[in-house]
Amino acid sequence: MAATPACFIAEFSASQPGVCHRLVVDPEIVREVSLVPVADRLPSPAISAFAKAVMENDWQMALDAANRAAL
């Protein structure tokens with residue numbers, strides 16, 4: 001019997017026509033992502049803007065919306 005290929009990717013990743021996707025909600029998959037500065041190096045404007053956007057985002061609201069969509 002052949003195995004069915006599967007992978008876990010970010011919800012809004014690019015997808016290909018014909019690829020099926022399903023939200024995984026039980027058990028919930030959680031990962032921690034860290035933003036760590038490099039010692040003795042100033043961040044580029046792009047990294048600074050990214051870090052600011054990450055810090056200002058309401059992650060709990062996004063999580064709640066994803067949970068509602070999965071119902």
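Residues numbered from 1 in each chain as written. Predicted model: local features only at pLDDT ≥ 70, side-chain atom pairs only at ≥ 80, totals over all residues. Heavy atoms only, no water.

A. Expanded view of the overall build of the chain. In terms of helices and strands, the chain carries 2 helices and 0 strands. Against the 2.2 N^0.38 benchmark of 11 Å for 71 residues, the chain shows a C-alpha radius of gyration of 17 Å, more extended than a compact globule. The principal-axis extents of the C-alpha atoms in the chain amount to approximately 55 × 30 × 25 Å. Every one of the 71 residues in the chain was classed for burial, and the buried ones make up 0%. For the chain, the exposed surface amounts to about 7,400 Å²; the carbon and sulfur share of it is 62%. Across the chain, 5 positive and 8 negative side-chain charges occur, with their mean positions spaced 7 Å apart. (Helix = DSSP H or I, 4+ residues; strand = E, 2+ residues; numbered from the N terminus. Rg over C-alpha atoms; globule rule 2.2 N^0.38 Å. Buried < 20%, exposed > 50% of the residue type's maximum accessible area, 1.4 Å probe, protein only. Areas by Shrake-Rupley, 256 points an atom, 1.4 Å probe, with all protein chains shown as cover. Lys, Arg positive; Asp, Glu negative; His and termini not counted. Charge placed at Lys NZ, Arg CZ, Asp CG, Glu CD.)

B. The arrangement of a nonpolar patch on the surface in detail. On the surface, a nonpolar cluster with roughly 330 Å² of combined accessible area is contributed by Phe8, Val24 and Ile29. Counting through the fold element by element, isoleucine 29 comes out in the segment before helix H1 (45-56). For isoleucine 29, a relative accessible area of 53% translates into the label exposed. (Patch = residues over 30% accessible without salt bridge, like charges linked within 9 Å, V, L, I, M, F, W, Y side chains within 5 Å. Salt bridge = Lys/Arg side-chain N within 4 Å of Asp/Glu carboxyl O.)

C. Representation of the environment of alanine 39 within the structure. Within the fold, alanine 39 resides in the segment before H1. Overall, alanine 39 belongs to the exposed group, its relative accessible area being 64%. Once the C-alpha coordinates of alanine 39 and aspartate 58 are considered, the two residues, 19 residues apart in sequence, prove to be 28 Å apart.

D. How the structure looks around the environment of glycine 18. With respect to the element layout, glycine 18 can be found in the segment before H1. Since its relative accessible area comes to 77%, glycine 18 is described here as exposed.

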